[in-house]
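Here is how the chains run, residue by residue.
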Amino acid sequence: MLPLEAWASRPVTEVAVSLLGSTLRHGPVTVRITEVEAYAGESDPASHAHRGPTPRTRVMFGAPGRLYVYRSHGLHWCANIVCGPDGLASAVLLRGADVIAGEAEARTRRGGVPYERLARGPGNLASALGLTGTDSGALLSRAPLGWTAAHTPVGQVQRGPRVGVSGASEREWRFWLAGEPSVSAYRRSARAQPG
DNA sequence: CTACCGATATTCT
DNA sequence: GAATATCGGTAGA
């Protein structure tokens, strides 16, 4: 567990691991995070921040504790948590979670899928929480959002290469909790080098 | 399990 | 103007 105030002074990978098991609320829906990926700012070729600040990515270059939400493939919204420190543009992509409150509200957006698929995958997670582009830049500490640190079950943390990135695949910066059904299936990027 | 492909904001040329 | 993308549902094997 790592309090929000400590995020700026820790490596983004450590913050990412500490987010596993913590909870995020948006309105009536609360989820417990089971899978994340770390993105290390401008120096990380897989990060949206790699080419410097743009109107879309500006929020990542600011202080930690805000959401960065972007549209993926023209169809889905995906949510990141900005980790800081200020200027470095580090962020953690939320890839999988369990819905622990507000399941009925989540189902109005996700339909009658099995429970473990309500928030499995970054697009589905943002959908279950009802996050869209208008939530990009919103403070985690301010309603309707809420974030609660929890003790990370360190012995259950596993790691592997990030999903869907075409570069920097040697960085095993995807972290998840072993045995959680809400962890998404691994899909290699269509452009990743075979092997 | 794998393969396909939708539909669009954002960025680059 | 064109290329790209931190993906997911569905069809088919």
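Residues numbered from 1 in each chain as written. Chains lettered and ligands numbered in written order. Predicted model: local features only at pLDDT ≥ 70, side-chain atom pairs only at ≥ 80, totals over all residues. Heavy atoms only, no water.

1. Looking at the layout of surface pockets
Move 1: By volume, the largest pocket is sized at about 1,100 Å³.
Move 2: Ser72, His73, Arg95, Val163 and Gly164 are, among the 35 residues lining the largest pocket, the residues nearest its centre.
Move 3: Those elements that provide at least two residues to the lining of the largest pocket are strand S2 (29–40), strand S3 (67–72), strand S4 (76–82), strand S5 (90–101) and helix H3 (122–129).
Move 4: Of the residues belonging to the lining of the largest pocket, the class tally is 14 nonpolar, 14 polar and seven charged. (1 Å grid on protein atoms, 1.4 Å probe; cavity = no way out; pocket = protein on both sides within 12 Å on 5 of 7 lines; lining within 4 Å. Points joined across faces, edges and corners; volume = space filled by probe spheres on them. Helix = DSSP H or I, 4+ residues; strand = E, 2+ residues; numbered from the N terminus. Nonpolar A, V, L, I, M, F, W, Y, C, P; charged D, E, K, R; others polar.)

2. Observations regarding the protein's contact with DNA strand B
Move 1: In the vicinity of DNA strand B, the contacting residues are Arg51, Thr54, Pro55, Arg56, His73, Gly74, Leu75, His76 and Arg187.
Move 2: Backbone atoms, meaning sugar and phosphate, make up 59% of the atoms of DNA strand B lying within 4 Å of the protein.
Move 3: Here a base nitrogen of DNA strand B and a backbone polar atom of His73 are 3.0 Å apart.
Move 4: The backbone of Gly74 places a nitrogen or oxygen atom 3.5 Å from a sugar or linking oxygen of DNA strand B.
Move 5: Broken down by class, the residue content of the surface near DNA strand B amounts to two nonpolar, four polar and three charged. (Near = heavy atom within 4 Å. Polar contact = N/O pair within 3.5 Å; in protein donor to acceptor, adjacent residues only side chain to side chain.)

3. Topic: the side chain of Thr30
Move 1: Inspection of the secondary structure assignment puts Thr30 in strand S2.
Move 2: For Thr30, the residues in contact, after removing those within four places along its chain, are Thr23, Leu24, Arg25, Asp98, Val99, Ile100 and Ala101. (Contact = heavy atoms within 4.5 Å.)

4. Things to note about the environment of Glu103
Move 1: Examined against the element boundaries, Glu103 turns out to sit in helix H2 (residues 103–110).
Move 2: The contact partners of Glu103, leaving out residues within four places of it in the chain, are Tyr115 and Leu118.

5. So, the nonpolar core
Move 1: Of all hydrophobic cores here, the largest spans 39 residues; its most connected members are Trp7 and Val36.
Move 2: Elements with a contribution of two residues or more to this core: helix H1 (12–19), S2, S3, S4, S5, H3, strand S6 (145–148) and strand S8 (174–177). (Core = buried A, V, L, I, M, F, W, Y, C linked by side-chain atoms within 4.5 Å. Buried < 20%, exposed > 50% of the residue type's maximum accessible area, 1.4 Å probe, protein only.)

6. A closer look at the pattern of salt bridges
Move 1: Applying the stated criterion to the full structure yields 10 salt bridges.
Move 2: Between Asp98 and Arg32 there is a salt bridge, with the nearest N and O atoms lying 3.4 Å from each other. You can see Asp98 sitting in strand S5 and its partner Arg32 sitting in strand S2, a full 66 residues away along the chain.
Move 3: Under the relative-accessibility criterion, Arg32 is labelled partly exposed at 23%.
Move 4: Salt-bridge contacts for Arg95 lead to Glu35; the nearest nitrogen and oxygen are separated by 3.0 Å. Linking Arg95 in strand S5 with Glu35 in strand S2, this pair joins segments that are 60 residues apart in sequence. (Salt bridge = Lys/Arg side-chain N within 4 Å of Asp/Glu carboxyl O.)

7. Quick look at the protein's contact with DNA strand C
Move 1: Around DNA strand C, the structure places 21 residues, and the nearest of them are His48, Tyr70, His76, Leu93 and Gly123.
Move 2: What you see for DNA strand C is that sugar and phosphate hold 59% of its atoms within 4 Å of the protein.
Move 3: Gly123 is positioned with one of its backbone polar atoms (N or O) 2.7 Å from a phosphate oxygen of DNA strand C.
Move 4: Here a phosphate oxygen of DNA strand C sits 3.3 Å away from a polar atom, N or O, in the main chain of Asn124.
Move 5: The set of elements that each furnish at least two residues to the surface near DNA strand C consists of S3, S4, S5 and H3.
Move 6: Tallied by class, residues from the surface near DNA strand C come to seven nonpolar, 10 polar and four charged.

8. Digging into the environment of Ser127
Move 1: Structurally, Ser127 can be placed in helix H3.
Move 2: Among the residues examined, Ser127 registers a relative accessible area of 25% and is labelled partly exposed.
Move 3: Along the chain, Ser127 and Ala8 lie 119 residues apart, while their C-alpha atoms are 28 Å from each other.
Move 4: In this structure Ser127 touches Arg109 and Arg110, once residues within four positions along its chain are discounted.

9. Some words on H1
Move 1: Along H1, the positions that sit buried rather than exposed are Val12, Val15, Ala16, Ser18 and Leu19. An end-on view of H1 places all buried positions within 165° of arc, on one side of the element.
Move 2: Buried positions along H1 lie against S2, S4, S5, S6 and S8.
Move 3: The positive-phi residue at the C-terminal boundary of H1 is Gly21, with phi of around 95°. (Arc of directions from axis to C-beta.)

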